[in-house]
Amino acid sequence: CGIVGIIDYTKQTSEKMLEKMRDAIVYRGPDSAGSEFYENETFSLGLGHRRLSILDLSSLGSQPMYHNEFTIIHNGEVYNFASIKEELIDKGYAFTSHTDTEVILKAFDAWGVSCVDKFRGMFAFSIYDSKKEKLYIFRDRAGVKPLYYHKTDELFLFASELKVFYKHPSFKRSMNKKALPYYFRFGYIPAPLSIYENTYKLRAGHYIVVDILTKKFEEVEYWSVEKSYLQEKSKESEEITLEKLEKILTESFELRMVSDVPVGVFLSGGVDSSLVTALLQKNSKVPLKTFTIGFEEKGYNEATFAKEIAEHLKTDHTEYYCTKSDMLDVIKGLPDMFDEPFGDSSAIPTLLVSRLAKEKVSVVLSGDGGDEAFAGYSKYFALEKISSLENSKIKKTILRTLTNMIS
């Protein structure tokens, strides 16, 4: 799905303009569209939504969605919505749809901003409180779902993609030169920066509160990977830890399979996607649909490993070998897709494998982040060897030499 919002203190934004912005990302939500436009003496406010139907394919899942003084637009999925829904039913709430969006909305009514602590998922959602005249915008813990915002004294815009802002006449595409060193260093522009001035990414694990009447703007951290890592470490044996880990992973993967449309898996043959596929197939009576992109150049081709895994696990496997002309055709479209400089070549096979999967499914699981969590890269094995050296002086010298060699 895709979301867009406007607070305009000049009141020059019209409902038609809001719809034009919303429909700039029609491909994010081709199934339906909705919007709400409010005006009073001091500001106009608009909320727009493009829907890709995953849960509850009926019109009951349409957005914006309303409850009492609250209006929500939501991109993403809260995977554990069913258990939260049970909690809310016990508190006296009734539900008309089978969507996670309605659960988010009523959880906010029940618990306020702390409701986000209950959510497991990937999401970017906004809730407008018409009684307090406040706007809330949340982004998931890992920052899987994108959320950009543009802020000046007279105008506040937010959306799932930067290109939405281009449709607003007051948005100026002035390059943010402070962002360039980060791009040249990392190959992308990290949050909270973007390539444009006065335009930002909402940081992962944060939410924004805008007091519309006073123009007070607050960004609040509700979760961080660092604080999570600094929790007390387990002292249990490796055997018990592995058993617990498998249960956690299996439950996590199965939660992500809850859908009213077909689901598949991106399979590269590496540690991450193979783990996802193996645990899901272990508990599935039907072959999982798996998808892989291959390359003719042997040094870059992971398709052979993926095929071996697929055959071993007996999945319903689809592979496509990417040609040079495929890659060159994709490159032409990348600036329009990413909206700002992005220097990771994985964008090409990711787009191609997504197109391949879309022919058979609407949702895919991938192993992104698994190599980091499960030490799947060769650099981790090198680090293990270095850290096992007895002499700390030797260790420091080797580390210093290695890091100086790396650009």
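Starting from 1, residues in each chain are numbered consecutively following that chain's sequence as written. Given that the model is predicted, a residue must reach a pLDDT of at least 70 before its local features are reported, and side-chain atom pairs must reach 80 or more before they are shown or counted; all residues, however, enter totals for whole chains, interfaces and linings. Where side-chain values are given, they derive from all heavy atoms of the structure, hydrogens and water being excluded.

**Q** Break down helix α9 (residues 324-338) for me, with residues and values.
**A** Each helix is a run of DSSP H or I of at least 4 residues and each strand a run of E of at least 2, with the numbering of both proceeding from the N terminus. One less than the number of residues in a helix, times 1.5 Å, gives the span that helix is expected to have. Look at α9: 21 Å from first C-alpha to last across 15 residues, which is about the 21 Å you get at 1.5 Å a residue. By definition, a residue's bend is the angle between the axes fitted to the seven residues ending there and the seven starting there. Of all the bends found along α9, the most pronounced is centred on K332 and spans about 40°, while P335, a proline, follows it within four residues. Only protein chains enter the accessibility calculation, which uses a 1.4 Å probe; a residue whose area is less than 20% of its type maximum is buried, one above 50% is exposed, and one in between is partly exposed. Along α9, the residues classified as buried are D326, V330 and L334. At the exit of α9 stands D339, carrying a positive phi of roughly 70°.

**Q** Explain the environment of Y9 to me, using residue names and the numbers behind them.
**A** As for its position among the elements, Y9 is in the loop between β1 (2-8) and α1 (15-22). C-alpha separation for the pair Y9 and L47, spaced 38 residues apart in sequence, amounts to 15 Å. Not counting residues within four places of it along the chain, the set of residues in contact with Y9 comprises T42, F43, D153, E154, L155, D211, I212 and K215. Two residues qualify as a contact provided that any one of their heavy atoms is within 4.5 Å of a heavy atom in the partner residue.

**Q** Outline the nonpolar core, supporting the account with residue identities and numerical values.
**A** Joining through side-chain atoms within 4.5 Å is the link that ties buried Ala, Val, Leu, Ile, Met, Phe, Trp, Tyr and Cys residues into a set, and such a set is a nonpolar core. One finds F119 and F125 to be the most contacted residues of the largest nonpolar core, which totals 39 residues. Among the elements that take part in this core, helix α3 (residues 100-111) stands out by supplying five residues, more than any other. Filtering out sequence-adjacent residues up to four positions away, F119 remains in contact with V78, N80, I84, I104, A107, F125 and R141. By size, the runner-up hydrophobic cluster in this structure holds 20 residues, among which are L157, I189, L193 and I195.

**Q** I'd like to hear about the sheet that holds strand β7 (residues 134-139), residue by residue, with values.
**A** Any two strands with at least two DSSP bridges between them are considered paired. Pairing in this open sheet of six strands is antiparallel, and the strands run β4-β5-β6-β7-β11-β12 from one edge to the other. Edge positions in the sheet fall to β4 (65-67) and β12 (216-221), since each has one partner strand and no second. Neighbour-to-neighbour, the strand axes of the sheet open up by a mean angle of 20°, direction not taken into account. Bridge count for strand β5 (residues 70-78) against strand β6 (residues 121-129) is nine bridges, and the pairing is antiparallel. From the neighbouring strand, I72 faces β6, where its bridge partner is I127. Geometry is summarised by axes, namely lines fitted to C-alpha atoms with helices restricted to the contacting stretch, and by angles between N-to-C directions that run from 0 to 180 degrees. The strands touched by α3 are β4, β5, β6 and β7; relative to β5, the strand with the most contacts, the crossing angle is about 125°.

**Q** Go over the pattern of salt bridges, please, and point to the residues and values.
**A** For side chains bearing opposite charge, pairing can occur when the charged atoms are close. Any Lys or Arg side-chain nitrogen found within 4 Å of a carboxyl oxygen on Asp or Glu counts as a salt bridge. For the structure shown, the criterion picks out 17 salt bridges. For R50, the salt bridge is made with D23, and the minimal N-O distance between the two is 2.8 Å. One end of the pair, R50, is in strand β3 (residues 44-51); the other, D23, is in the loop between α1 and β2 (32-39), and 27 residues separate them in sequence. Look at D23 and you get partly exposed, because its relative accessible area is 32%. Between E232 and K235 there is a salt bridge, with the nearest N and O atoms lying 3.7 Å from each other. Take E232 and K235: they sit in the same class, and that class is exposed. Put simply, R28, E161, K163 and D339 are held in one network by salt bridges that share partners.

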